[in-house]
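Per-entry structural report
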4 protein chains.
Amino acid sequence: MIIVLKANRSEEQVKNFISNLTDRYDVSVNTWVGTHSTVLGLIGDTAAVDSEYIAAQDIVESVKRVQEPYKKANRKFHPEDTVIKLPTGQVIGDGSLALIAGPCSVESEAQICCVAERVKAAGATFLRGGAFKPRTSPYAFQGLKAEGLELLKKAKERTGLPIVTEIMSIGHLDLFEDVDVIQVGARNMQNFELLKELGHVHKPILLKRGLANTIEELLMSAEYIMAGGNEQVILCERGIRTYETFTRNTLDISAVPILKRLSHLPVIVDPSHASGINWLVEPLAMAAAAVGADGLIIEVHNDPSRALCDGAQSLTPDQFDVLAKKVQKVTETVKSL
Amino acid sequence: MIIVLKANRSEEQVKNFISNLTDRYDVSVNTWVGTHSTVLGLIGDTAAVDSEYIAAQDIVESVKRVQEPYKKANRKFHPEDTVIKLPTGQVIGDGSLALIAGPCSVESEAQICCVAERVKAAGATFLRGGAFKPRTSPYAFQGLKAEGLELLKKAKERTGLPIVTEIMSIGHLDLFEDVDVIQVGARNMQNFELLKELGHVHKPILLKRGLANTIEELLMSAEYIMAGGNEQVILCERGIRTYETFTRNTLDISAVPILKRLSHLPVIVDPSHASGINWLVEPLAMAAAAVGADGLIIEVHNDPSRALCDGAQSLTPDQFDVLAKKVQKVTETVKSL
Amino acid sequence: MIIVLKANRSEEQVKNFISNLTDRYDVSVNTWVGTHSTVLGLIGDTAAVDSEYIAAQDIVESVKRVQEPYKKANRKFHPEDTVIKLPTGQVIGDGSLALIAGPCSVESEAQICCVAERVKAAGATFLRGGAFKPRTSPYAFQGLKAEGLELLKKAKERTGLPIVTEIMSIGHLDLFEDVDVIQVGARNMQNFELLKELGHVHKPILLKRGLANTIEELLMSAEYIMAGGNEQVILCERGIRTYETFTRNTLDISAVPILKRLSHLPVIVDPSHASGINWLVEPLAMAAAAVGADGLIIEVHNDPSRALCDGAQSLTPDQFDVLAKKVQKVTETVKSL
Amino acid sequence: MIIVLKANRSEEQVKNFISNLTDRYDVSVNTWVGTHSTVLGLIGDTAAVDSEYIAAQDIVESVKRVQEPYKKANRKFHPEDTVIKLPTGQVIGDGSLALIAGPCSVESEAQICCVAERVKAAGATFLRGGAFKPRTSPYAFQGLKAEGLELLKKAKERTGLPIVTEIMSIGHLDLFEDVDVIQVGARNMQNFELLKELGHVHKPILLKRGLANTIEELLMSAEYIMAGGNEQVILCERGIRTYETFTRNTLDISAVPILKRLSHLPVIVDPSHASGINWLVEPLAMAAAAVGADGLIIEVHNDPSRALCDGAQSLTPDQFDVLAKKVQKVTETVKSL
């Protein structure tokens, strides 16, 4: 961490400031005195140093981090890729392209089982489906809740596909015992109390990037979970909010190679929420495969025009069949290069 | 709600679609058949109509809401201003400018009591202070938690100022019994489970706009609380995330007159978080007073350079004295015009 | 175009408004009178209708376009892909992936010829290179100008590669006689006087999307050029400005399939400017190939660390060799699916 | 400027890099060697140093400017406020609130003269009116051009109000001889060739912030004009593009106090374009007055519902009368504090 001091500081102020720093944090401080400014270099465990605290000091002009503020999620300290492996054998992060597919929300046993069988046949290895649904309007369908989780279990029994579903409150955690991968939605990416609790869970967590969160903030949220002891975190790029209104969100495809460089955690892409438009799902899935994503999470509904939510972005099982073949072909090509 | 149908639909499809609409929702449908397109007009309780569901239908080209999707927060159905009045007499929304002031986080009894006395002397009628702190980094100071709430109570006993403090989890609700106004932070604006729970609380809720949430989404989140029965919601503009990096956020000053036009709820401004820079707090507070905000929430710390969080944006008590006088003068001038 | 009228309008106001509309524009108007609102449907040449003018009318509640405001760029009126073919045979838009490569700025004959030869060997069919450089700072290198164009010509003589280079002012048009494709930079995307002038030029125009321009605005700028008679426009996605600071811009990869659906014009991608980081250029180029872009424009410099501009995002010729092979392989795979 | 070098550099690389820096720029370099990293501090004329060039060097980890890249626009080197004074006596930047008012576009002699007389009577000291209009659509009204400038002159003769009008192309400069203040629109803020040319003009330039440009980029564009010798630049905040769709743009009210702190140039606000909605113009104008803007530029039309452009955001002369009184009262109050 580099700290530039203001021009008009006294020598004593500098001395006091440095002793304050070394008292407070486990760091050593190097000083470089220039003609017009003094620069301090902090060495040690700077992830624990609060840069806002530093910036608030009277004698500080500006602060610049040299090291990333995340440690457990940082590839520098953990060069090998993290591979998430379920007890039932399914894998994310081993170089293959994992397909997670299913409806936006679970609606009935017939629906979820039908979709589960179709996506499994197409090559999906995980079943997604919402039981608790975060909806902008209190008057919109909020999901089948506990009943939805039961229906997911039935689909799992029928197909063997492990379940990926979203949690919206710590209070529901007991209900998630049979869930295989717990999803944290974009709106809860910085629900820190929830993240802390998930740090104590012995299951993979699928962490979606918030609508207006930076790549670094996503990694800091992963760090919250990992700091609690749960290192099985899957990162998910699902589009960010920009001024463009044609798509629901703007897929930040660059986030995939960046996250994979900065972190050892697997990175998947959600082209359904990123676009909000079903005819864009396939091309965006192709792009994700081409940049080396570890997986895709895709909304598939047996009858999109009757879906209780997000029908506009859902694929039919037939469309998913086509997509699955194409993206696996792209991944194969990319891996062979 | 106006629905434009695709050009290539059959008459039967249109008929089926309309009967589907009237079965599902409490609306009546008017049809206008043009040469190239058919337009449907929905009349009735369209706030309950899921526009995403409509958009997903095969025969639909596009959907346009004419009425706002919020009802209880809507000024159309509640023309008079909502005035929030505490049992202890303090008021927000009656045309005056309420000042809510205090430190980012509660740090010690001496600190919170000192700040409380100073801001009270300067004209603040509410004390703010964080006990549970949402921090980007798991390694940063997370607040004194229950102990912080105890210290706020002591400051309240000493000064009579009611307490405004942030809740981060439903699980903490019991601890908030003596809190006068419960704050929902920007990162939890769409933590819908929390909002629903606060709909059953008999206290005013200070709801901050999310970093990347629209004005309409803020009103929908207020609607979540109000739909549960708690109509005492105070809206707060605290800056949105944009590409500009000079300030921490960009204060959307237009949101104040817009929210006051669309809704009857009181609207306050947080110039401290909006800018992140202490020398900007006063000019932004002046702007808020000039556009007719119902109040300001401002960070004041007895020793900003030693604050455990957000010191860079905190005012000293002396600076707050000056600000308080100036903003009240602006409000007075504006109300006299 | 759908116009919703306010509730409190008189029948005479509606009549006057409709006759005003039919006088002013070549449209016919259908009226649908509902219980609470009246909706007008405009049919005819609505691209010429100024929706702002309509919205300003006292009796208008809101306006919604059903048809796109662009005509010549619209695929609806021109279903076949536009293929740009140079007299010297090079093609963009025929289903292949065109590679346009070269340095950010032309610096010397040795530099431009060396790079031209290398990129040609790697499969590029166009040479890019800046002679007039738009720089944020007046103190930064502004390009070799006329001399730069001369050096580009020498490289063209040597390699046969046609030249793609940016114009910054109508006044320079005479100097561009030997340029094969004239580029309009992101900052000039809405320099309408320049666009009008380029409508009279008999050369392909490479039109880059502005930093904060929507997909529709890009198509409207293409429309400016096409309305003047020059229908050879190549659209270029080069990243948009968002809150994310890790990359210089955020590549909006969705723009490629969207533009290709809305318009018949060819669409290329600039991964160098989109990211601003050389190790991101290859993965973003792969994504562009996977979504079906018609070409790539890539910065290549023989010695990036000595480049006079944009060195941080330039590839070495060796890196370009690798990239060229990989992206052609992806295109081949995608086309075969 | 602080340069952090990569960990794995050799001593010789560092030596070569430093001699390269001192050869190329008029700077001296201080070196601070830490355990894990080496930091260089550049002292001297760092505004001329190209930070992109530095960042592109192999051995560089990151670069941080300590000094601003603008010089002539920088308050550090010119502490007193710049006051723009026209030969006819009107002033911007002396602590008063200058009112610039008039229609979006000049439409007829009757219209422009009528508006001019009304806004003068209300206290405006400058007349605005567009002759050359930048429109997103080539099919929209493009302004009366040279004829519009003639009509503005007539209104000036009639009222004595100096003219503020937009230039869209260097080629039109001759026509602007009788224009008093030349406006550069948001879309041309980085039309550097135009800015350079205006550096040689002996008239004040009203420079509008671009839709997606940072505060620093606005100052760099001012620097382009000033570097050419014309130091009479008026900065204008007119709203930036964000994800919020309720308003046309988001007024960045913080930009006013920031610009006034960083620069000595006067700063005005355009609440008409910032909002795009006429009922928002007054509250935003109040906010601008409260934060200390040096002036306002406001659209006023004698018959907004018949305006050929931007009618939705224009005030009637009666509304402007009210606004003018209110904002002057706010300025008076603020100055008295």
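Residues numbered from 1 in each chain as written. Chains lettered and ligands numbered in written order. Predicted model: local features only at pLDDT ≥ 70, side-chain atom pairs only at ≥ 80, totals over all residues. Heavy atoms only, no water.

Per an unreviewed UniProt entry, chain A is named 3-deoxy-7-phosphoheptulonate synthase, and its organism is Hominenteromicrobium mulieris.

Remarks on the overall build of chain A
When helices and strands are counted, chain A shows ten helices and 14 strands. Each principal axis of the C-alpha atoms in chain A carries an extent, and together these give about 75 × 45 × 40 Å. Taking as baseline every contact in chain A between residues at least 6 positions apart, the subset at least 24 positions apart corresponds to 67%. As displayed, chain A offers around 11300 Å² of accessible surface, 48% of which is attributable to carbon and sulfur atoms. (Helix = DSSP H or I, 4+ residues; strand = E, 2+ residues; numbered from the N terminus. Contact = heavy atoms within 4.5 Å. Areas by Shrake-Rupley, 256 points an atom, 1.4 Å probe, with all protein chains shown as cover.)

A word on the sheet that holds strand β8 (residues 126–128) of chain B
All names here are of chain B. Sheet architecture is closed into a barrel: eight strands sit in the order β7-β8-β9-β10-β11-β12-β13-β14, paired in parallel fashion. Neighbour-to-neighbour, the strand axes of the sheet open up by a mean angle of 30°, direction not taken into account. Packed on one face of the sheet, helix α7 (residues 255–262) meets β12 (233–237) and β13 (267–269) and runs near 170° to β13. (Pairing = 2+ DSSP bridges. Axes fitted to C-alpha atoms, helices over the stretch in contact; angles between N-to-C directions.)

Structural notes on the sheet that holds strand β8 (residues 126–128) of chain A
All names here are of chain A. Strand order around the closed barrel formed by eight strands is β7-β8-β9-β10-β11-β12-β13-β14, with parallel pairing between neighbours. Geometrically, the sheet is characterised by an average inter-axis angle of 30° between neighbouring strands, direction not taken into account. Inspection of the sheet shows strand β11 (residues 205–208) paired to strand β12 (residues 233–237) by four bridges, in the parallel sense. Across the sheet, the residue bridging to Ile205 is Val233, located in β12. Across the sheet, helix α7 (residues 255–262) is in contact with β12 and β13 (267–269); its angle to β13 comes to roughly 170°. Along the sheet, helix α10 (residues 317–336) makes contact with β7 (98–102) and β14 (295–299), crossing β7 at roughly 165°.

Here's the deal with the nonpolar core
Counting 315 residues, the largest nonpolar core has B:Phe320, C:Phe320 and D:Phe320 as its most contacted members. For C:Phe320, the contacting residues outside a window of four places in its chain are C:Leu99, C:Ala101, C:Val119, C:Ala122, C:Ala124, C:Ile298, C:Val300 and C:Leu315. (Core = buried A, V, L, I, M, F, W, Y, C linked by side-chain atoms within 4.5 Å. Buried < 20%, exposed > 50% of the residue type's maximum accessible area, 1.4 Å probe, protein only.)

Side note on the interface of chain D and chain C
Listed as interface residues are 51 residues of chain D and, on the opposing side, 50 residues of chain C. Summed over both sides, the interface of chain D with chain C buries roughly 4200 Å², with 49% coming from carbon and sulfur. Connecting chain D to chain C are six salt bridges. Residue D:Arg248 is joined to C:Glu52 by a salt bridge in which the shortest nitrogen-to-oxygen separation is 3.1 Å. For the interface between chain D and chain C, the tally reads 19 residue pairs in polar contact (both at pLDDT 80 or more). Elements with a minimum of two residues in the side of chain D that touches chain C: α1 (11–24), α2 (51–55), α5 (192–198) and α6 (215–227) of chain D. Looking at the side of chain D that touches chain C, the element that brings in the most residues is α6(D), giving five residues. The residue makeup of the side of chain D that touches chain C, split by class, is 20 nonpolar, 14 polar and 17 charged. (Buried area = accessible area lost by both parts, 1.4 Å probe. Salt bridge = Lys/Arg side-chain N within 4 Å of Asp/Glu carboxyl O. Polar contact = N/O pair within 3.5 Å; in protein donor to acceptor, adjacent residues only side chain to side chain. Nonpolar A, V, L, I, M, F, W, Y, C, P; charged D, E, K, R; others polar.)

Let's talk about the relation of the copies chain D and chain C
For the pair chain D and chain C, the best superposition has an RMSD of 0.1 Å and corresponds to a rotation of 180° with a translation of 0.0 Å parallel to the axis. One copy is carried onto the other by what is essentially a two-fold rotation axis. Scanning chain D for the C-alpha nearest the rotation axis identifies D:Ala212, at a separation of 2.8 Å. A share of 98% of the interface residues of chain D reappears at the interface of chain C, consistent with the copies meeting face to face through the same patch. (Least-squares fit on C-alpha atoms with pLDDT ≥ 70 in both.)

Some words on α10(A)
Taking 1.5 Å per residue, 20 residues should reach 28 Å; α10(A) reaches 29 Å between its end C-alpha atoms and fits that length. Residues of α10(A) that are buried: A:Pro317, A:Phe320, A:Leu323, A:Ala324, A:Val327, A:Val330, A:Thr331, A:Thr333 and A:Val334. Buried residues along α10(A) sit against β7, α3 (109–122), α9 (278–290) and β14 of chain A together with α9 (278–290) and α10 (317–336) of chain C. (Expected span 1.5 Å × (residues − 1).)

A few points about the environment of D:Ile298
Residue and element names in this part refer to chain D. Inspection of the secondary structure puts Ile298 in strand β14 (residues 295–299). The class of Ile298 is buried, set by a relative accessible area of 0%. Discounting chain neighbours no more than four positions away, the residues touching Ile298 are Ile100, Ala101, Gly102, Arg128, Pro271, Ser272, Val281, Ala285, Leu315, Phe320 and Leu323.

A closer look at the pairing of β7(A)
Residue and element names in this part refer to chain A. For β7, a buried count of five out of five residues is recorded, marking the element as mostly surrounded by other parts of the structure. Going residue by residue along β7, you find Ala98, Ile100 and Gly102 tucked away on one face and Leu99 and Ala101 tucked away on the opposite face as well. Bridge analysis of β7 against β14 gives five bridges, and the strand direction is parallel. Bridge pairing links Gly102 to Glu299 in β14. Handedness of the crossover is the feature at issue here: the chain leaves β7, passes through α3, returns alongside β8, and the resulting connection is right-handed. (Right-handed = clockwise from strand over helix to strand, strands pointing away.)

As for the interface of chain D and chain A
Taken together, the 18 residues of chain D in the interface contact 19 residues of chain A. Buried surface at the junction of chain D and chain A, summed over both partners, amounts to about 1600 Å²; 76% is from carbon and sulfur atoms. Summed over the shared surface of chain D and chain A, the result is zero salt bridges. Listing elements by their share of the side of chain D that touches chain A, those giving two or more residues are β1 (2–5), β2 (27–33), β3 (38–44) and β4 (60–64) of chain D.

What about the packing of aromatic side chains?
One pass over the full model with this rule turns up twelve aromatic pairs over all chains. Residues C:Phe246 and C:Trp279 carry aromatic rings whose centres are separated by 6.5 Å and whose planes lie at 70° to one another, so their mutual orientation is edge-to-face. Here C:Phe246, found in the loop between β12 (233–237) and α7 (255–262), pairs with C:Trp279, found in helix α9; they are 33 residues apart in sequence, far enough to count as distant. The exposure class of C:Phe246 is partly exposed, given its relative accessible area of 32%. Given the relative accessible area of 26%, C:Trp279 is considered partly exposed. For the ring pair D:Phe192 and D:Tyr224, a centre distance of 4.6 Å and an interplane angle of 25° mean the geometry is stacked. With a gap of 32 residues between them, D:Phe192 in helix α5 and D:Tyr224 in helix α6 connect regions that are remote in the sequence. D:Phe192 sits in the buried class, given a relative accessible area of 1%. (Phe/Tyr/Trp six-rings, centres within 6.5 Å; stacked < 30°, edge-to-face > 60°.)

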